[in-house]
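# Fold and geometry: a report
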Amino acid sequence: MASRSSSRPWTPSARALPLFLATAFFPLACRTGTAPEPRPAATSPAATTTTSASRPSADPTAAPPHAAAGALRQVLDLRVHSATLWHLQGGAVLLEHAPDLFALLQHDAVQMLPHLARGLSPDDGDDGTEAHGSVQAIQGRWPDALWIVWRDHDTQSAEYNMWYQRLFRHRRDRWEKVHETRHDPSGNTLYRGLWEQPAGCLVGLISDDREIPSAWQAEVNALDCPGQPAPRSSFKPAPQPDVAIAATLGFASGHVLVLEQPTRPKNGASLPPRLAVSRPGPPNRTEIPLPLSGELDLSLQPSRLTSCQMLGPTPDNVFILGNITRGTERLPLLLHFDGASFTSLPTPPTPHIGEADLAEDGTLVLLGSPPASRPEARSIWALPRGGTWTERPMPVHPELGEPYRPWSLAAHSLEDLWVVGYHEKQGGKDRHLALFHSRPLTSAAPGAAAAAP
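Let us look at the structure shown here. (Residues numbered from 1 in each chain as written. Predicted model: local features only at pLDDT ≥ 70, side-chain atom pairs only at ≥ 80, totals over all residues. Heavy atoms only, no water.)

Right, let's talk about the state of the cysteines for a bit. As used here, a disulfide is simply a covalent bond connecting the sulfur atoms of two cysteines. According to the stated counting rule, one finds one disulfide in the structure shown. Bridging Cys201 to Cys225, the disulfide has an S-S length of 1.7 Å. Across the S-S bond of Cys201 and Cys225 the torsion is about 55 degrees, and the bridge reads as right-handed. Residue Cys201 is found in the loop between β14 (190-196) and β15 (202-207), and its partner Cys225 is found in the loop between β16 (219-224) and β17 (243-250); the two are separated by 24 residues along the sequence. For Cys225, a relative accessible area of 16% gives the class buried. (Disulfide = S-S within 2.5 Å. Helix = DSSP H or I, 4+ residues; strand = E, 2+ residues; numbered from the N terminus. Buried < 20%, exposed > 50% of the residue type's maximum accessible area, 1.4 Å probe, protein only.)

Turning next to the environment of Ala137. Turning to its location among the elements, Ala137 is positioned in strand β8 (residues 134-141). We classify Ala137 as buried; its relative accessible area is 2%. Considered as a pair, Ala137 and Trp147 are ten residues apart in the sequence and their alpha carbons are 8.1 Å apart.

Bringing the packing of aromatic side chains into the picture now. Inspection of the entire model under this criterion finds three aromatic pairs. Taking 5.1 Å as the distance between ring centres and 40 degrees as the angle between the ring planes, the aromatic pair formed by Phe337 and Phe342 counts as tilted. Taking the centre distance of 4.9 Å and the plane angle of 65 degrees together, the rings of Tyr404 and Phe436 count as edge-to-face. Taken as a pair, Tyr404 in the loop between β28 (390-392) and β29 (405-413) and Phe436 in strand β31 (residues 430-437) lie far apart in primary sequence, 32 residues in all. With respect to class, Tyr404 is no different from Phe436; both count as buried. Its end group placed over the ring of Tyr422, Arg431 keeps NZ or CZ at 5.9 Å from the ring centre. (Phe/Tyr/Trp six-rings, centres within 6.5 Å; stacked < 30°, edge-to-face > 60°. Lys NZ or Arg CZ within 6 Å of the ring centre and 35° of its normal.)

Another aspect to go through is the sheet that holds β16. Taking strand neighbours across the sheet as the criterion, the three strands line up as β14-β15-β16 in an open arrangement whose pairing is antiparallel. In this open sheet, the two edge strands, each paired with only one partner strand, are β14 and β16. Taking the axes of each pair of neighbouring strands and ignoring which way they run, one obtains an average angle of 30 degrees across the sheet. Examined bridge by bridge, β14 and β15 share six bridges and lie antiparallel to one another. (Pairing = 2+ DSSP bridges. Axes fitted to C-alpha atoms, helices over the stretch in contact; angles between N-to-C directions.)

Turning next to the pattern of salt bridges. Going through the model one piece at a time under the given rule, you end up with 18 salt bridges. We note a salt bridge from Arg169 to Asp224, for which the minimum N-O separation is 3.1 Å. Here Arg169, found in strand β10 (residues 163-171), pairs with Asp224, found in strand β16; they are 55 residues apart in sequence, far enough to count as distant. Of the two residues, Arg169 and Asp224, both sit in the buried class. For Arg285, the salt bridge identified is with Glu287, shortest N-O distance 3.0 Å. (Salt bridge = Lys/Arg side-chain N within 4 Å of Asp/Glu carboxyl O.)

Turning to the nonpolar core, a few remarks are in order. In terms of nonpolar packing, the biggest core is built from 29 residues, with Leu94, Phe102, Leu120 and Ile138 touching the most fellow members. For this core, the elements supplying multiple residues, two or more each, are β6 (101-106), β8, β9 (145-153), β10, β14 and β15. For this core, the leading source of residues is β9, giving six residues. Beyond its immediate sequence surroundings of up to four residues, Leu120 is in contact with Ala98, Phe102, Val135, Ile148, Trp150, Phe168 and Trp175. (Core = buried A, V, L, I, M, F, W, Y, C linked by side-chain atoms within 4.5 Å. Contact = heavy atoms within 4.5 Å.)

All right, on to the sheet that holds β9 then. Spatially, the four strands line up as an open sheet ordered β8-β9-β10-β11, and their pairing is antiparallel. Both edges of this open sheet fall to β8 and β11 (174-180), since each of them pairs with a single strand only. Looking at each pair of strands side by side, their axes are set apart by 30 degrees on average, direction ignored. In the sheet, β9 pairs with β10 via seven bridges, with the strands oriented antiparallel. By the bridge assignment, Val149 is partnered in β10 with Leu167.

Below, the structure written as structure tokens:
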């Protein structure tokens with residue numbers, strides 16, 4: 001368990017290359033990642049509008065010309081109630097509130113992408129279902145290899161209240177469905193992690209987490225490999241329902257890391273979470289227990305991982321972060337894995353670790369969440385390579401006199417950060433979102449709008 005009182009700096013490996021954070025979608029509310037290779041960023045010929053960060057001088061939320069380097073400044077008003085930033089391979093970032101808003105954030109510019117909504121929501125398809133789903137993950141490279149996971153409700157078996165997932169790939173000018181998880185009266189499955197193996201071939205770990213003897217066995221499947229043979233899987237699953245999957249990180253090399261939460265005690269004692277490592281070759285697994293703080297006595301009460309993520313460019317340079325709970329106790333968790341063992345790292349002074357991203361320069365950035373009774377205390381924390389945790393303040397809203405609260409983030413470096421922030425009134429009924437950036441953006445194209453969508 002990371003020591004919250006430690007102030008020693010952390011120096012990750014120099015191999016910390018560009019990384020893409022994918023979002024996971026499971027009952028443990030954890031996010032997963034993939035490990036991309038460095039690629040030059042590409043621009044899309046379909047991008048239609050470029051929006052500048054140059055706000056009108058009368059806008060009091062914009063950073064003044066003398067603002068410190070890296071200070072966040074408002075660049076876009078978002079007329080939606082939620083929006084997520086997805087860090088893609090090659091450095092591009094997608095801003096998404098499907099199906100109403102898609103924007104490409106790249107080269108210090110914002111390009112609106114209205115065409116990305118085509119063919120995505122179920123009502124655009126041919127099955128007659130209603131558009132009541134949501135985006136669970138976006139990953140890949142812009143614009144030639146981009147996948148999206150859409151979570152939807154099975155209206156044909158509504159009595160079972162089943163949610164399932166569809167996998168789409170963007171081709172030409174619309175999304176095309178390439179895979180769908182199982183959903184029938186006997187059970188349903190979900191994607192627990194997605195990655196390319198090799199480039200252009202998407203594979204995924206699929207399982208369910210039902211703690212019953214008939215729980216479907218986890219397995220790695222090729223999901224979208226046009227013109228390529230299906231890759232050989234090295235992953236060897238543990239028997240279900242003995243474990244629940246908290247996070248997955250896969251690599252083009254064939255390495256697969258799975259963060260597992262044992263669900264059954266052994267000799268009357270609860271087992272700690274563990275990392276299952278599968279290396280290239282025939283199916284195999286090595287189980288390594290997570291080192292946990294003495295503050296958590298697992299012999300007294302079972303533990304549970306929440307909001308957990310794995311981020312890393314190589315199998316021997318991986319961050320594991322999130323939270324671990326035991327009863328009413330909850331402590332932040334931050335570890336580094338070097339391929340064989342763990343190092344506990346200091347956590348920022350926040351009781352809960354939320355969304356996180358690993359920048360191309362090795363900086364780890366995360367959202368710190370306060371207790372539910374103090375949502376206004378949400379904060380952004382950054383851990384640069386060789387440095388210590390520092391807080392990145394949000395701009396103050398001119399009318400409310402309090403800072404915007406961070407909602408989602410994506411980082412290219414310590415000084416190159418995108419953030420979706422929000423403020424709300426009337427207990428969340430009147431919510432306003434805005435996009436912030438830590439660097440001045442390029443000039444606006446003629447006629448560019450200052451709000452979206």
